[in-house]
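An overview of the molecular structure
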Amino acid sequence: MRGTFIVIEGLDRSGKTTQVSTLQTWLESSGTPVKLFKFPDRTTAIGQMIDSYLRSQSELDDRAIHLLFTANRWELATSIERLLEQGTTIVCDRYAFSGVAFSAAKGLPLEWCRSPDAGLPAPDLTIFFDISPETARERGGYGEERYEKEELQKRVRGLFGVLGAEFESGKWVTVDAGRSREEVAEDVWRHVSKVVGKVDGPVARLWI
Ligand code: FDM
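Residues numbered from 1 in each chain as written. Predicted model: local features only at pLDDT ≥ 70, side-chain atom pairs only at ≥ 80, totals over all residues.

The condition is simple: UniProt positions are given in the numbering used here, feature names are shortened, and annotations may be inferred rather than shown by experiment.
As recorded by an unreviewed UniProt entry, the chain carries the name Thymidylate kinase and is attributed to Mycena chlorophos. Its UniProt record gives the chain a comment under Pathway (unreviewed entry), which states: "Pyrimidine metabolism; dTTP biosynthesis." UniProt annotates the chain under Sequence similarities (unreviewed entry) with the comment "Belongs to the thymidylate kinase family."

This is the structure we're talking about:
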C-alpha cells in the first residue's frame, strides 16, 4: 500500500499550521508513517528568493515569482513521489492551489497560472480551510507579509472555490476553520481517516 498524499490549503489566519501538526500527531499515534512538507519551502535556494520577496526585501515581476513558487514544488516533487511509493503518508501545508489562487488574485490569467504546475504529484485529498474575512479579523487580522491584505485574501478565497469545484466529491473538502481548534481537528480527522491507508496504485498527476 502506498502512502496517502494529503494537502491542506487555506487562507491566512485559518489555523492551518496548527492543524497540520495535530494531524501529524494523530497519524503517528495511529501507526501511520508520516512526513510533513510545507510550501513555500523557504530552506532551498529558490525558497530563499521567495522568502525575500514575501518579506518585501526584493521586487520581482508577478510572473517571475509565480514560476519560482512552482519551481519550488518541482524541486521537491521527486522526493514526494518516492516517499509515497515507499508507504509514507504526506501532509503538505499549501500546494499548487495556493500557487494558482494567489497569483490569479493578483490579476494573472488562471490558466496561465495553472500550466507550470500541471503534472506534479496530485493529492489524494485536499482539505480547504475556509475562514471569513470577519473571523480572520477577530483573530487579530493579517500579519506583515506581502499577501496578508484583506482585499487580496477575499479574492483568493473566491479562487480556491473555483479550483475546488473542479474536483470530484471526496477529493476536495472544505472545512469551516472559523470554529474551535478541537472542532476543526475532529472534522479534519473524519475526512483523513476515510482515505488514509486506503489508496494504492500509481500517484496521479495534477491537472493533466
Ligand atoms: N503563496 C504560497 C503563493 O503566492 N504561491 C504559492 O505557490 C504558495 C505555496 O505565499 F501568502 C503565498 C501564500 C502566502 C505566502 O505562505 C506564504 P505561508 O504559508 O504563510 O508561508
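A few points about unusual backbone geometry
The criterion, for reference: Helix and strand definitions here come from DSSP, where helices need a minimum of 4 consecutive H or I residues and strands a minimum of 2 consecutive E residues; each element is numbered from the N-terminal end. Once C-beta atoms are placed from the backbone, each residue is buried if 20 or more other C-beta atoms lie within 10 Å of its own, exposed if 12 or fewer, and partly exposed for counts between those two.
The amide bond that connects Phe39 to the next residue, Pro40, takes the cis arrangement and shows omega of 0 degrees. Unlike most non-glycine residues, Trp207 shows phi in positive territory, near 60 degrees. Looking at the secondary structure, you find Trp207 in the segment after helix H8 (181-195). Overall, Trp207 belongs to the partly exposed group, with 14 C-beta atoms counted inside 10 Å.

A few points about the packing of helix H4 (residues 96-105) against helix H7 (residues 150-165)
Counted only if it meets this: Note on method: axes are straight lines fitted to C-alpha atoms, helices fitted across the in-contact stretch only, with angles between N-to-C directions ranging 0 to 180 degrees. These descriptions rest on fixed angle ranges, namely under 35 degrees for roughly parallel, over 145 for roughly antiparallel, 65 to 115 for roughly perpendicular, and the rest for oblique. Should the near helix be turned anticlockwise from the far one by less than a right angle, the crossing is termed left-handed; should it be turned clockwise, right-handed. In this description, any two residues whose backbone-derived C-beta atoms lie within 7 Å of each other are considered to be in contact. Under this grouping Gly is polar, as are all residues other than the nonpolar Ala, Val, Leu, Ile, Met, Phe, Trp, Tyr, Cys and Pro and the charged Asp, Glu, Lys and Arg.
At a closest axis distance of 8 Å, the pairing of H4 and H7 adopts a crossing angle of 130 degrees. Here H7 runs oblique to H4, going by the angle between their axes. Crossing geometry of H4 relative to H7 is assigned as right-handed. In this structure, H4 uses Phe97, Val100, Ala101, Phe102, Ala104 and Ala105 to contact H7, whose residues at the interface are Leu152, Arg155, Val156, Leu159, Phe160 and Leu163. Grouping the amino acids of the contact of H4 with H7 by side-chain chemistry returns 11 nonpolar, no polar and 1 charged.

A word on the UniProt feature "domain: Thymidylate kinase-like" (unreviewed entry) in the chain
As recorded in UniProt, the sites labelled "domain: Thymidylate kinase-like" (unreviewed entry) are residues 8-187. Along residues 8-187 the backbone is 51% helical and 13% strand, and the end-to-end C-alpha distance reaches 13 Å.

A word on the site of the ligand
Put simply, the test is: Throughout this description, a residue near a molecule or strand is one whose C-beta atom, derived from the backbone, lies within 6 Å of it.
The full set of residues close to the ligand is Phe39, Pro40, Leu54, Phe69, Arg94, Ser98, Gly99, Phe102 and Tyr147. Looking at the shell around the ligand, the element that brings in the most residues is H4, giving 3 residues. When its residues are assigned to classes, the shell around the ligand shows 6 nonpolar, 2 polar and 1 charged.

Digging into the packing of helix H1 (residues 16-29) against H8
When two helices pack together, their arrangement is given by the angle between the helix axes and the distance between those axes. At a minimum axis separation of 10 Å, H1 and H8 run at an interaxial angle of 55 degrees. Overall, the two elements H1 and H8 adopt an arrangement that is oblique. The two elements H1 and H8 cross, and the hand of that crossing is right-handed. Contact residues: H1 offers Thr18, Gln19, Thr22, Leu23 and Trp26, while H8 offers Arg181, Val184, Ala185, Val188, Trp189 and Val192.

Considerations on the sheet that holds strand E2 (residues 34-38)
For clarity, the cut-off: In this scheme, strands are said to pair when DSSP sees at least two bridges between them.
Read across the open sheet, the 5 strands follow the order E2-E3-E1-E4-E5; overall the sheet is parallel. The open sheet is flanked by E2 and strand E5 (172-176), the only strands paired with a single partner. Going across the sheet, the axis of each strand differs from the next one's by a mean of 20 degrees, ignoring polarity. Alignment of strand E1 (residues 5-10) against strand E3 (residues 89-93), held across 4 bridges, turns out to be parallel. Counted as the bridge partner of Ile6 is Val91 from E3. Along the sheet, H1 makes contact with E1, E2, E3 and strand E4 (125-130), crossing E3 at roughly 170 degrees.

Examining the pairing of E3
Extensive coverage of E3 is indicated by the burial of 5 of its 5 residues. Where burial is concerned, the two faces of E3 agree: the one with Thr89, Val91 and Asp93 and the one with Ile90 and Cys92 are both buried. Strand direction decides the pairing type here: E2 and E3, joined by 5 bridges, are parallel. Bridge pairing links Lys38 to Asp93 in E3.

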